[in-house]
Amino acid sequence: MEACPTCGKSRWKVDEQKNKIYKNIPAKVLWYFPIIPRLKRLFQSKTAAKDLTWHTTDIKVDIGVLSHPADLPAWAAIDDKYPDFASEPRNLRLGISADGFDVNRGNRSHSVWPILTVIYNLPPWLFQTYDAYAQEQFKLRVVVLWTINDYPALGTLSGCPYSRFQGCVVCGEETHYIRLPESKKQSYAGHRRFLPYDHPFRRQKKAFNGQQEFSPSPEPMNGEELRYWRNNLIPHCIDFMHVEKNVGESLTGTVLNVPGKTKDGYKARLDLVHYGLKPELHPKIEGNNTTLPAAGCTLTKEEKDKFCETLYNLRVPQGYCSNFSSLVSLKDRKLIGLKSHDYHMLMQQFLPIAIRYIMLPPTRVAITRFCLFFKSMCSKEIILDELDKLQEELCGSKLCGPIFFRWMYPFERFMKVIKGHVRNQNRPEGCIAEENVAEETIEFFSEFLKKMDTVGIPPDNHNTCGIQIGVDSSSITDGTPLSAAKSVEVSAELFRKAHFFVLQNTSEVLPYIKRHMDFLQHQHPTKRKAQLEQEHSSTFGHWLQKEVERELGGL
């Protein structure tokens, strides 16, 4: 076909200025690496073949703890629906990520969209094919658990718009919206259909499209093109990395009242007027001037100075995060140039510290609890009992498990690697494809060359990737450290004692030590002093963590 049957665009490259079509030069190119031989090659290595069944043979099952996708209802749903698939532990479970990045710099931009796949059979650290570990043939099959992408990419993958008309990928053609007359903001009337049938918003007319809404919620798209897709509990995972960045940027922009970044602007105040909420915050018009009364979340100039100075003077271990002194403008009283991981650290660690003494308790408590909520979502292990305390806000984590299995940090790091493969900016995709094939070939053959005897070359007994924990370096012939140091394994009990020693000798913790001893004496009045001290050493660390979180949250 010479043109797209839907939009009429030419298949070939078009010079719009000269109105010339370049035949045989495609407008867009898709480079596809066949996945079947790539998956078969995984089982040609004994180490990889053994690791791919880790989720069945070596995983440690902790009741009430979610630490791997194999612990999740989304994993079990596939097993229940397709028992023949579940009967073979070597069948693979995949996640698919899609995002775009610009491979060129300057005015000439060129966007590349790699589709990356991650295998969840492997531990955290098709087809007839041969398993080198089991030394047998088996039929390999693969299932996609979910996709990982931000909201614009979700619209692109779904073939749907993600803004304006029909801008909801769930409602599709049933997405109806109107604009509020005062603020010109979109109000999605069709989304009232997801509310309970007796919800008062369903009866509102003026705030929406002039009609009451009592229709049932639309059926979400189920992906009939994949026969098992409709059985996936969560087929699409909105990337937490992008969500946290957007929320952190909006939150700090509102607190610092940065023009263009704050969500508490004139249009937001007009919405309050429209709904008759918080009259003390309504815009005040005096002649030709319009002023907005300060909200409780907006900092004064002095408070902004303290907020920025706190972040500017942060000192953390090297490699922990970016140097925040380069991300804070003391003169302009705002944050500049923060990346996704910077907002991650801000929301997880630094924001509750920066606002602790400069905000009124209600606002400070709300923001701190919000940050603790984000921190709970990023835990490496999720305790179901603690998850239930957050009610239904973390339902996605119940179904899909820890966030780090499905955020885009590893995919973004890999995209930075493949961006460095571009040597010819006129053919960026070809450069990426050739370099990727070369690297994969070298890595594949290196798996078989590890144990081979070389001719004229002494064996390499060094491990440049790091030190093996818990192994005496003198007894290792393959993979020893570069130095002659002796590696030791730090047990959990030894680590707890070291942690307790540090806490006991920190001046800021001394008041908490006395409070904890008083607490234990009140709880166990019959115990002797030696017993209380033993109880204190074993429970103080956990008690201190809960106490500090309680104080930060204002509970």
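Our structure is the block above this text.
A brief look at the structure comes next. Every value quoted in this text rests on a predicted model; they were computed, and no experiment measured them.

Quick notes on the rules
Residues numbered from 1 in each chain as written. Predicted model: local features only at pLDDT ≥ 70, side-chain atom pairs only at ≥ 80, totals over all residues. Heavy atoms only, no water. Helix = DSSP H or I, 4+ residues; strand = E, 2+ residues; numbered from the N terminus. Buried < 20%, exposed > 50% of the residue type's maximum accessible area, 1.4 Å probe, protein only. Areas by Shrake-Rupley, 256 points an atom, 1.4 Å probe, with all protein chains shown as cover. Pairing = 2+ DSSP bridges. Axes fitted to C-alpha atoms, helices over the stretch in contact; angles between N-to-C directions. Contact = heavy atoms within 4.5 Å. Parallel < 35°, antiparallel > 145°, perpendicular 65-115°, else oblique. Left-handed = near helix turned anticlockwise from the far one by under 90°. Nonpolar A, V, L, I, M, F, W, Y, C, P; charged D, E, K, R; others polar. Phe/Tyr/Trp six-rings, centres within 6.5 Å; stacked < 30°, edge-to-face > 60°. Core = buried A, V, L, I, M, F, W, Y, C linked by side-chain atoms within 4.5 Å. Polar contact = N/O pair within 3.5 Å; in protein donor to acceptor, adjacent residues only side chain to side chain. Bend = angle between axes of the 7 residues up to and from the residue.

Looking now at the overall build of the protein chain. Secondary structure summary: the protein chain contains 18 helices and 18 strands in total. In the protein chain, buried positions account for 35% of the 555 residues. Carbon together with sulfur atoms contributes 55% to the accessible area of the protein chain, which is approximately 35500 Å² in total.

This next bit is on the sheet that holds strand S7 (residues 115-119). In a beta sheet, neighbouring strands pair by backbone hydrogen bonds and run either parallel or antiparallel. The strand order across the open sheet built from 4 strands is S7-S4-S10-S13, with neighbouring strands paired in mixed fashion. Of all the strands in the sheet, the pair left with one neighbour each is S7 and strand S13 (236-238). Averaged over neighbouring strand pairs, the angle between their axes works out to 25 degrees when direction is ignored. For strand S4 (residues 92-98) and S7, the ladder comprises 5 bridges, and the chain directions are antiparallel. Considered in S7, the bridge of isoleucine 96 is made with threonine 117. Sheet strands touched by helix H1 (residues 35-42): S4, S7 and strand S10 (142-149). Its angle to S4, the strand with the most contacts, is close to 130 degrees.

Our focus in this paragraph is the packing of helix H7 (residues 240-255) against helix H11 (residues 361-377). The geometry of H7 relative to H11 is characterised by a closest axis approach of 12 Å and an angle of 165 degrees between their N-to-C directions. Looking at the two axes, H7 sits roughly antiparallel to H11. In this structure, H7 meets H11 at a crossing whose hand is left-handed. Here H7 contributes Phe240, Glu244, Val247, Leu251 and Val255 to the contact with H11, which in turn contributes Ile367, Phe370, Phe374 and Met377. Each residue belonging to the contact of H7 with H11 can be placed in one class, and the counts come to 8 nonpolar, no polar and 1 charged.

Let us look at the packing of aromatic side chains. According to the stated counting rule, one finds 11 aromatic pairs in the structure shown. Aromatic side chains phenylalanine 370 and phenylalanine 374 sit 5.0 Å apart centroid to centroid with 70 degrees between the ring planes, which places their arrangement in the edge-to-face category. Of this pair, phenylalanine 370 and phenylalanine 374 both sit in helix H11, 4 residues apart, which is roughly one turn of that helix. Judged by relative accessible area, phenylalanine 370 falls into the partly exposed class, the value being 33%. Phenylalanine 374 sits in the buried class, given a relative accessible area of 4%.

General note: in soluble globular proteins, nonpolar side chains tend to be found buried as a group. Formed by 62 residues in total, the largest nonpolar core has its most connected members in Trp146, Phe307, Leu311, Phe324, Leu346, Leu351 and Ile367. Mapped onto this core, the elements with two or more residues apiece are helix H4 (73-81), S10, H7, helix H9 (301-312), helix H10 (340-354), H11 and helix H14 (409-419). With 7 residues, H10 is the single largest residue contributor to this core. In terms of nonpolar packing, the next biggest core, distinct from the first, is built from 9 residues, Phe43, Ala49, Leu92 and Phe138 among them.

Further remarks concern the side chain of arginine 90. Mapping arginine 90 onto the fold places it in the loop between helix H5 (83-86) and S4. Here glutamate 88 takes part through its side chain, which lies 2.9 Å from a polar atom of the side chain of arginine 90. Among all residues touching arginine 90, those that are not within four sequence positions of it are Phe43, Thr53, Asn121, Asp131, Ala134, Glu136, Phe138 and Leu140.

Orientation of H7 relative to H10, taken along the N-to-C sense of each, is 65 degrees, at an axis distance of 8 Å. Classified by chirality, the crossing of H10 by H7 is left-handed. Where H7 approaches H10, its residues Met241, Glu244, Lys245, Val247, Gly248, Glu249, Leu251 and Thr252 are matched on the opposing element by Ser340, Tyr343, His344, Leu346, Met347, Gln348 and Leu351. Among the residues forming the contact of H7 with H10, the class breakdown is 7 nonpolar, 5 polar and 3 charged.

The subject of this paragraph is H10. Along its length, H10 shows its largest kink, about 55 degrees, at methionine 347. Of all 15 residues in H10, 12 are buried, a share of seventy percent or more. Among all positions of H10, only Ser340, Asp342, Tyr343, His344, Met345, Leu346, Met347, Gln348, Phe350, Leu351, Pro352 and Ala354 are buried. In the core, the buried residues of H10 are packed alongside H7, H9, strand S17 (334-335), H11 and H14.

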